[in-house]
Structure formats: C-alpha cells, structure tokens
Amino acid sequence: MLDFEKVNWNLISKEVDTYFEKLFPINRSILSSGVLSSLKILQEITDFEIVEIPTGTACFDWTVPEEWSIEHAYISDLQGNIIIDFKDNNLHILNYSESVDKILKFSELENHLHYQKELPDAIPYKTSYFKKDWGFCLSYNQFKELDRNKDYQVKVKSTFGLGAIRIGECLIVGESTDEILISTYSCHPSLANDNLSGMILWTFLLSELKKVKKLKYSYRFVILPETIGAISYLSLNENKVKQNVKSGLVITTVAGPGRFGYKASFKGNDLVDRCVIRTFHENKINFLKYPFDINGSDERQYSSQLFRIPCCTITKDKYYEYKEYHTSLDNLDFVKAEYLVESLKLYLSTIQKIECSMVFFKSLNPGCEPFLRKRNLFSHLGLTKSNIIGLGNENNENILGEFENFDRYRDKILWLMFYCDGNMSLFEISEITNINLDQLITAAKILLVQKLLTQIN
Ligand code: ZN
C-alpha cells in the first residue's frame, strides 16, 4: 500500500521550480525539436522511453504531419526597425507558420495578426497545424501602435520536413495486468499552467510511483503532443490499450493560483471518479466539478467509442476557465511550484485509492464482534507500545501516535471487522464509512498483527 510519508516535498518543490525555469523558454509544437529536448530534460528527473511515430503515418482518420522548425520571424517597418519579433516571445509566431517574405500594406497584414482585446497586454497563443498559413500574435496594445497608413516588411523563415511525433512512455508493472493510464501533453510553447505544469507533474508522479514496491495495478505513463499524439499512440497500441487499460488520469493545468477542479469521466461514476472525489473529501477541499465534455484534452481520444476509457482530470485553475489561459500571461509569474506540489499530492492520493480498490481483507472472526479487550487492544489510556510491536513497520512510532486517541480509532477497527468479508475492498469500506483511507490502513495493520484479519489476494 502506498505510503508517501517519506517523500521530501520541499526538495520536490525546489526541483519543480528549476524545471519550470529550464523548460518554459523552449519552443514546443506538435512535431518539433522542442518536444524532444523537453523530454530529454524531463528524463533527468526519472527515466522513460522516447518512442517516435514518423511523419506520414496513418492513424485512424488522421496522418502524422510534417515537422516544423522556425529560424526567424519578425515584422519591421520599411526603415528596418523591428516591431514584433519571435525572438522576444515564442507566442509571437502563429505555431506552424509557413515562410513568408513580403512587404504588405497594413490592411493586408491585419488579416494575419491575432490579438485579444479583453487582455490588452497579453499575446495570445494560436496554432495552424493542419492548414498552411502564416501569422503573428501580438498584444492589443502592440496592435494599436501599428500605423494603418504604413507598409510593413514581414519575414518568416520556417521549414517543414519529415520528422516524428515523440512520445515519452513508461509502463510500471504491478501485480495485475489491468492498467491505469496516466497521460499528459507536451506541445505548448512558453505557457506555464497549460501545459508545462502538467508535463512536470507527470514526471514527478512517475518518479514517485516507481519507488512504490508491489503496486496492484500497472500504470501506463504517456506524455505526447495533444490530439495527434494521443490519436497516433492509440492507433499504434490499439490492442494493448483496449485489453489492459481500465481507467485513466489526464494531467493538465495543475499549478495555478485558483481553485482545484475535477473533470468527470464520461461515465461520471467510474472507479477513478470515485477515487478523485474521495481524495477531495478527505482533504476537505471545496473543489469545482466539471462534467464530462467533448471539448477538453486527450480524454476525448481515450474515451472514444473504440476505447471507452473513463478518464478524470484534477486541475488547479482549469484550462478554458482562467483569463490568462492560452496567452503570454500564463507565465512563470502565474504558476507556483508549491501549487504544483499540492496537485501532485492529490494525484498520488487518488492513486492510493485506486490501489486500495484492489486490497481485500477477510475477517478471521466472523461470528459476532471480536473481544477486543482480551487482546489488550484497547484501554481507557489507548494503545500501548506493546500492542503494535511486530507490525513490521518502520513507522511504529507514528502508528502509536495515531492510536493514542482511543475513541477516534475504536470505530475504525469495528467498521473493518464489520465489512471485511473478502469481497469489499478497503477503498469501498472507506467510501461507505467516510473514514479516511490512511486511518483504515493503519487500523488494518493492527488487525493483521492481531490475527483478526487476513489479506486476500
Ligand atoms: Zn492548451
């Protein structure tokens, strides 16, 4: 069973900050060298495979497009003064812009300019992956500065060629072949909450989960460009995914200052939905609930008819919902490492619950209540140290501390003895009794030592 007591959250928080700084400036896109260099940086945290799906590969109704790279992109006046330069911000160029070298009237240029009036200082993030086009994104204030009577020089030097979708992948093998999919996307340039925060959380989640011995489920981690990455991955791994993946978590927008949110799976009451909701309840978090929607992230692909994998998302400032979303204001000032770590804890806690849905105990004393006092389990002073010696747990002191409150723990033990019939999982008992899973785990450990429970495989 998962135990995250020893995780050094402060150290992780510091590392998260480092990786925000390292990865934010990289110009990522669906097929670009930026994705590969970002994955290589994330491999410093923990190892995973990088697999490639080449340009031209047919995947369901789609074809993997060409790889895009950009050398320079700017708008200048005819005196050579540069006004908008991609070098200043990756978002200035319409992602996947083709080359252009022209002098244009303002009225011609205007059709290729993207801005957002409501946020006059923000540069919007725009893409044109599957339609050849070129364009610049700029703040409304920058747009207003342009002279409607002038001509402008526009230069974009970009290339399209054979390349590959790069996908980070790692399968953590548990006792069961049933898998939980943990997915995030990797294609956004210089945007912090959407989607850099998801990339970093995904990697630390992988790193922490690899340290857990004896997982019940297997965990399939994938990090891929949104939409085309998920579609191509599913296309190439159709049978494996259909056979093994039971539920999923799609990680995105996890480090903003706003409230926690939960996007429900298409089923709405799948195991993963219930585990997320329990996690919020246990942590007394007043979360925002978003019903399943056909817009969103890669759950759209994973939950499509051929696969029907129920996927949930835990967010902290969900995409679409915060005003800085998909603009240059979604930057390193908007996110905080400590917010990301809070989200990471919730993802880990959700996985703990998923794991405990496969943990079953059976009472060895089904005939009426056990006589607890006979076993010296309870006294009016609470547990004594001698009761827990032999638990084989390095955290005996903690358990003793936990159990000092007799009244608080008596019920937990009795509920376990009431429900543990070998058929109801520890997670279900936690749901039905509204007792925190951690406390039930502690109580179960005591009952195992006392030979009142046995674990069923
Ligand atoms: Zn996005």
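Note that the coordinates shown come from a computational prediction; the quantities given were computed from them, not determined experimentally.

A. Highlighting the overall build of the protein chain. For the protein chain, the helix and strand inventory stands at 15 helices and 19 strands. Each of the three principal axes of the protein chain carries a C-alpha extent, and together these read 95 × 40 × 35 Å. The burial tally for the protein chain puts 59% of its 457 residues in the buried class. A separation of at least 24 residues holds for 81% of the contacts in the protein chain among residues at least 6 apart in sequence. For the protein chain, the computed accessible surface area is about 20100 Å², with 47% contributed by carbon and sulfur atoms. In the protein chain, which carries 52 positive and 59 negative side-chain charges, the distance between the mean positions of the two groups comes to 5 Å.

B. Summary view of the packing of aromatic side chains. Counted by the stated rule, this structure contains 24 aromatic pairs. With 5.3 Å between their ring centres and 80° between their planes, F48 and W202 make a pair best called edge-to-face. Remark: W202 occurs in helix α5 (residues 192–210) and F48 occurs in the loop between α2 (33–42) and β1 (49–54); sequence separation between them is 154 residues. There is no split in this pair, since F48 and W202 are both buried. Ring centres 5.9 Å apart and planes at 85° place the aromatic pair W415 and F418 in the edge-to-face group. Separated by three residues within a single helix, W415 and F418 lie in helix α13 (residues 406–419), roughly one turn from each other. The partly exposed category is assigned to W415, whose relative accessible area is 35%. Three or more aromatic residues joined by ring pairs form one cluster here, namely W62, W68, Y96, Y129, F130 and F160. When the ring centre of F292 is taken as origin, the NZ or CZ atom of K263, which lies over that ring, is 5.1 Å away. Above the face of the Y339 ring, K316 is positioned so that its terminal group lies 4.5 Å from the ring centre.

C. Examining the pattern of salt bridges more closely. Under the definition given, this model contains 19 salt bridges. Among the ionic pairs, E175 bridges to K216, the shortest N-O distance being 3.4 Å. Taken as a pair, E175 in the loop between β10 (164–172) and β11 (179–185) and K216 in the loop between α5 and β12 (218–224) lie far apart in primary sequence, 41 residues in all. Look at E175 and you get exposed, because its relative accessible area is 52%. For K216, a relative accessible area of 12% translates into the label buried. Between R220 and E179 there is a salt bridge whose closest N-O contact spans 2.6 Å. Taken together, the residues span a long stretch of sequence, with R220 in strand β12 and E179 in strand β11 at a distance of 41 residues. The exposure class of E179 is buried, given its relative accessible area of 3%.

D. Region of interest: the side chain of T327. Along the polypeptide, T327 turns up in the loop between β16 (311–316) and α10 (337–356). Residue classification places T327 among the buried positions, given a relative accessible area of 0%. Beyond its immediate sequence surroundings of up to four residues, T327 is in contact with L91, Q116, L119, A122, I123, P124, Y125 and L191.

E. Local environment of the packing of helix α8 (residues 271–282) against helix α14 (residues 426–433). Between α8 and α14, whose axes approach to 11 Å, the crossing angle comes to 55°. Viewed along their axes, α8 and α14 adopt a mutual orientation that is oblique. Helix-helix and strand crossings are classified by hand; for α8 and α14 the assignment is left-handed. Here L271, R274, C275, R278 and E282 of α8 come into contact with α14, specifically with F427, E428, S430 and E431. Broken down by class, the residue content of the contact of α8 with α14 amounts to three nonpolar, one polar and five charged.

F. Highlighting unusual backbone geometry. Cis peptide bonds are those with omega within 30 degrees of zero, and the linkage from D194 to N195 qualifies with 10°. One non-glycine residue, D317, lies in positive phi territory at about 75°. Structurally, D317 can be placed in the loop between β16 and α10.

G. Highlighting the sheet that holds strand β17 (residues 360–363). Ordered by their spatial adjacency, three strands build an open sheet running β18-β17-β19, and the pairing between neighbours is antiparallel. The open sheet has two edge strands with one neighbour each: β18 (421–425) and β19 (453–456). Each strand of the sheet is rotated relative to its neighbour by a mean of 35°, with strand direction disregarded. Across two bridges, β17 lies against β18 in antiparallel orientation. Bridged to K362 within β18 is D421.

H. Main features of the pairing of β10. For β10, the buried fraction is high: eight of the nine residues fall into the buried class. Direction of pairing for β1 relative to β10: antiparallel, over a ladder of six bridges. In the strand pairing of β10, P54 is matched with A164. Sheet analysis places β10 next to β12, joined by five bridges and oriented antiparallel. Note on β12: the bridge partner recorded for E169 is V222.

The rules behind each value
Residues numbered from 1 in each chain as written. Predicted model: local features only at pLDDT ≥ 70, side-chain atom pairs only at ≥ 80, totals over all residues. Heavy atoms only, no water. Helix = DSSP H or I, 4+ residues; strand = E, 2+ residues; numbered from the N terminus. Buried < 20%, exposed > 50% of the residue type's maximum accessible area, 1.4 Å probe, protein only. Contact = heavy atoms within 4.5 Å. Areas by Shrake-Rupley, 256 points an atom, 1.4 Å probe, with all protein chains shown as cover. Lys, Arg positive; Asp, Glu negative; His and termini not counted. Charge placed at Lys NZ, Arg CZ, Asp CG, Glu CD. Phe/Tyr/Trp six-rings, centres within 6.5 Å; stacked < 30°, edge-to-face > 60°. Lys NZ or Arg CZ within 6 Å of the ring centre and 35° of its normal. Salt bridge = Lys/Arg side-chain N within 4 Å of Asp/Glu carboxyl O. Axes fitted to C-alpha atoms, helices over the stretch in contact; angles between N-to-C directions. Parallel < 35°, antiparallel > 145°, perpendicular 65-115°, else oblique. Left-handed = near helix turned anticlockwise from the far one by under 90°. Nonpolar A, V, L, I, M, F, W, Y, C, P; charged D, E, K, R; others polar. Pairing = 2+ DSSP bridges.

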